[in-house]
Amino acid sequence: MEKKLLIIDGLNLIRRLYAALESEQDSVRRVERTQSIAVEALAKLTHQFQPSYAVVVFDSNGKTWRHRVYPDYKLGRVPMDDSLLESLPDFARVFRFNHLPCLRMEGWEADDLIATLAVKAASHNIKSYIVSTDKGFTQLLDDERVLQYDYFAKLGYDKVWVPGKYGVEPHQLVDYWALVGDTTNRIPGIKGIGPKTALTIMHSFSTIEEIYANLSFFSERIQSLLAGGYEQCLQSRSLVALKTDVDIGVRLSQLRYHPRKVE
């Protein structure tokens, strides 16, 4: 039987479930309902994917290496409600009670941990399913053993889907985002360069280094847009690129999924 690793972006799932309950005025009740629905969602996901291994990954509190490199990272993002933030340890305890391991590492975003787990599993010929609505994970889909699933839209994303969505291959996305920016995380692109212009540029040269080594190839308009943006592009690319070599210190065997027996 094919081995599968189910990786759930914990905060991504929880925040969206919580947001859907905005009509609930009682903050305690809202958190309790979110917790209950989250457990149901995880039960549906494990039933759907029948994983050999599973893990729910959480962000750490505070700043990460991206904030040190670029202090404006995620600046302006709507903060999490205090009641939800304070209850996150309870979510993890409930998930563990339902036989789902939880992972969190100080100083690291869940994205980097998830990327590391998926790539490591792929190297052992284990197919990973990343459950998240975060577009950043699409850069990992170049490996056919890494797939992404949007629980809310009930849609799966793979290597074939990416060019139809963005016009570039998965491995080119970090260079593409370096040009157009990532507004969700407040990462800048090159002013005046949108998706269409970025694709025009990347259909000729696909990396930031190649683009800037061949500036004379482009029209005067594109040259003027790109002028002086090399260092910024390199920084933006480093910020959007997910780390795949984090020393997590967790063996795959520790993430083996044992469904909870119903008595």
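Data block above holds the structure.
The sections below set out a description of the structure shown in this document. (Residues numbered from 1 in each chain as written. Predicted model: local features only at pLDDT ≥ 70, side-chain atom pairs only at ≥ 80, totals over all residues. Heavy atoms only, no water.)

**Side note on the nonpolar core**
Residues Ile7, Leu117, Tyr176, Leu179, Ile211 and Leu226 are the most contacted members of the largest nonpolar core, which totals 55 residues. Here the element with the most residues in this core is helix H5 (residues 110–123); it accounts for eight residues. Discounting chain neighbours no more than four positions away, the residues touching Leu226 are Leu179, Ile193, Ile201, Ile211, Tyr212, Leu215 and Phe218. (Core = buried A, V, L, I, M, F, W, Y, C linked by side-chain atoms within 4.5 Å. Buried < 20%, exposed > 50% of the residue type's maximum accessible area, 1.4 Å probe, protein only. Helix = DSSP H or I, 4+ residues; strand = E, 2+ residues; numbered from the N terminus. Contact = heavy atoms within 4.5 Å.)

**Describing helix H7 (residues 173–180)**
In terms of burial, H7 is largely enclosed, as seven of its eight residues are buried. The set of residues buried in H7 consists of Leu173, Val174, Asp175, Tyr176, Trp177, Ala178 and Leu179. On its buried side, H7 packs onto helix H6 (161–166), helix H8 (195–202), helix H9 (208–213), helix H10 (220–226) and helix H11 (230–240). With its phi angle positive at about 85°, Gly181 sits one or two positions after the end of H7.

**Remarks on the pairing of strand E2 (residues 53–57)**
Extensive coverage of E2 is indicated by the burial of five of its five residues. Side chains Tyr53, Val55 and Val57 project from E2 onto one buried face, and the interleaved Ala54 and Val56 project onto a second face that is buried too. Strand direction decides the pairing type here: strand E1 (residues 4–9) and E2, joined by five bridges, are parallel. Along E2, the bridge assignment pairs Ile8 with Val56. (Pairing = 2+ DSSP bridges.)

From the geometry alone we can't say anything about function, so treat these as descriptive.
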